[in-house]
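In case you want the letters, here they are:
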Amino acid sequence: MAMNDTSKGADTVPGALPAEDTPSLVHSPRDDAIADYGMDIQSPMLMRLYELWRSRRVGGKLPARGDFDPVEMKECLGNIFILEYVPELDNFRYTLIGTKIVNWVGVDNTGKLVDEIFDDRMRQFYKGLQSRQVPVRTSGKVVWRGKDHVAYELVTLPLSDDKQVVNRFIGAMDFHMKC
């Protein structure tokens, strides 16, 4: 997940920052992906999750994890991940990783901290999303497990139990063969 500024239309996304405030490539947690704050989502499944998240933003406030019913998301449950902020560590822990993600990645990282899996740039990426309270679409090719013929797209959506401070993210990944 890189933070390459491709933020066309980022200022039209509820809660998103104008393009000039969007992080640049300098803060990129991964060099093999692009972050899109304009949310130009290609996957129909990811678009439905994003629209569900947007529908839970009542009065411009962020939704909480409890605002989502798994039955509403059954088509993407295997593709879902949830990150929870751990304030005493100033880090994020994967509390849920769907089986389809585990199958593509080749390991179940549920319960692990972000910096146990990635370098500190990924933790900083999530800290930036947390402070800005913005969603992001990320895309790239699968460079792990020798599967660079496969592309992925993911959305990361902020959640807040108190509707003010981001304490979780819900997201999903979709994989497809590159043309």
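Our structure's up above, just so we're on the same page.
Starting from 1, residues in each chain are numbered consecutively following that chain's sequence as written. Side-chain atom pairs in this predicted model are given and counted only at pLDDT of 80 or more, local residue features only at pLDDT of at least 70, and totals for whole chains, interfaces and linings cover all residues. Only heavy atoms go into the side-chain values, all of them from the structure, while hydrogens and water stay out.

K.L.:
Can you break down the side chain of Arg168 residue by residue, with the values?
P.N.:
Segments assigned H or I by DSSP are reported as helices when at least four residues long, segments assigned E as strands when at least two residues long, and all are numbered from the N terminus. Note that Arg168 resides in strand S6 (residues 168-177). For Arg168, a relative accessible area of 13% corresponds to the buried category. Any pair of N or O atoms that falls within 3.5 Å is considered a polar contact. Within protein, one atom must be able to donate a hydrogen and the other to accept it, and sequence-neighbouring residues count only if both atoms are side-chain atoms. There is a polar contact of 2.9 Å between the side chain of Arg168 and the side chain of Glu84. Of the polar contacts made by the side chain of Arg168, one reaches the side chain of Asp161; its length is 2.7 Å. Here a residue-residue contact requires only that any non-hydrogen atoms of the pair lie within 4.5 Å. Residues in contact with Arg168, not counting those within four places in the same chain, are Arg65, Ile82, Leu83, Glu84, Leu157, Pro158, Leu159 and Asp161. The buried label goes to any residue with under 20% of its type's maximum accessible area, the exposed label to any with over 50%, and the partly exposed label to all in between, with areas taken from a 1.4 Å probe on protein chains only.

K.L.:
Outline the pattern of salt bridges, listing residues and values.
P.N.:
The salt bridge criterion pairs a side-chain nitrogen of Lys or Arg with a carboxyl oxygen of Asp or Glu, the two atoms within 4 Å. The tally for this structure, following the rule as stated, stands at 12 salt bridges. In this structure, Arg168 and Glu84 form a salt bridge, with 2.9 Å as the shortest nitrogen-oxygen distance. With Arg168 in strand S6 and Glu84 in strand S2 (residues 80-86), this pair connects stretches of sequence that are 84 residues apart. Through salt bridges with shared partners, one network takes in Asp90, Asp120, Arg123 and Lys127.

K.L.:
How would you sum up the nonpolar core? Please name residues and give values.
P.N.:
For this analysis, a nonpolar core means a set of buried residues of the types Ala, Val, Leu, Ile, Met, Phe, Trp, Tyr and Cys, connected via side-chain atoms within 4.5 Å. Within the largest apolar cluster, 45 residues are counted, with the highest numbers of intra-cluster contacts made by Met73, Phe81, Leu83, Phe125, Tyr126, Leu129 and Leu157. Mapped by element, the contributors of at least two residues to this core are strand S1 (33-36), helix H1 (44-55), S2, strand S3 (91-97), helix H2 (99-105), helix H4 (120-132), strand S5 (150-159) and S6. Contact partners of Leu129, with chain neighbours within four places excluded, come to Tyr37, Val134, Val136, Thr156 and Phe169.

K.L.:
An account of the sheet that holds S5 is requested, with residue identities and associated values reported.
P.N.:
Strand-to-strand pairing in sheets goes through backbone hydrogen bonds, with the strands running parallel or antiparallel. For two strands to be treated as a pair, DSSP must find at least two bridges joining them. Across the sheet, 6 strands lie side by side as S1-S4-S5-S6-S2-S3; this open sheet has antiparallel pairing. Looking at strand neighbours, the two that pair on one side only are S1 and S3, the edges of this open sheet. Across the sheet, the mean angle from the axis of one strand to that of its neighbour is 25 degrees, orientation sign disregarded. As paired elements, S5 and S6 share 10 bridges and run antiparallel to each other. Note on S6: the bridge partner recorded for Pro158 is Phe169. All axes are obtained by fitting lines to C-alpha atoms, using only the stretch in contact for helices, and the reported angles, taken between N-to-C directions, cover 0 to 180 degrees. Against the sheet, H4 touches S1, S2, S3, strand S4 (136-141), S5 and S6, its axis set at about 90 degrees to S3.

K.L.:
I'd like to hear about the pairing of S2, residue by residue, with values.
P.N.:
Of all 7 residues in S2, 6 are buried; the element is thus mostly enclosed. Across 5 bridges, S2 lies against S6 in antiparallel orientation. Each residue of the ladder has a partner; that of Phe81, found in S6, is Gly171. In sequence, S2 turns back onto S3 through a hairpin of 4 residues, with Asp90 there showing a positive phi of about 50 degrees.

K.L.:
Give me the lowdown on H4, citing residues and values where you can.
P.N.:
In a helix, the anticipated span is given by 1.5 Å times the number of residues less one. The first and last C-alpha atoms of H4 sit 18 Å apart over 13 residues, in line with the 18 Å expected at 1.5 Å per residue. Listed as buried for H4 are Met122, Arg123, Phe125, Tyr126, Gly128, Leu129 and Gln130. Of the residues flanking the start of H4, the one acting as N-cap is Asp119, its side-chain oxygen 3.0 Å from the backbone nitrogen of Arg121. At the C-terminal side of H4, Gln133 shows a positive phi close to 60 degrees.

K.L.:
Go over the packing of aromatic side chains, please, and point to the residues and values.
P.N.:
Whether two aromatic rings pair depends on their centres lying within 6.5 Å, for rings of Phe, Tyr and Trp, where Trp uses its six-membered ring; planes under 30 degrees apart make the pair stacked, over 60 edge-to-face, and the rest tilted. Under the criterion given, the structure shown has 8 aromatic pairs. The interplanar angle of 65 degrees and the centroid separation of 5.5 Å between the aromatic rings of Phe125 and Tyr126 together place this pair among those described as edge-to-face. For Tyr126, a relative accessible area of 0% puts it in the buried group. Taken together, the aromatic side chains of Tyr85, Phe92, Phe125, Tyr126 and Phe169 make up a single cluster linked through ring pairs.

In short, shape yes, function no, at least from these values alone.
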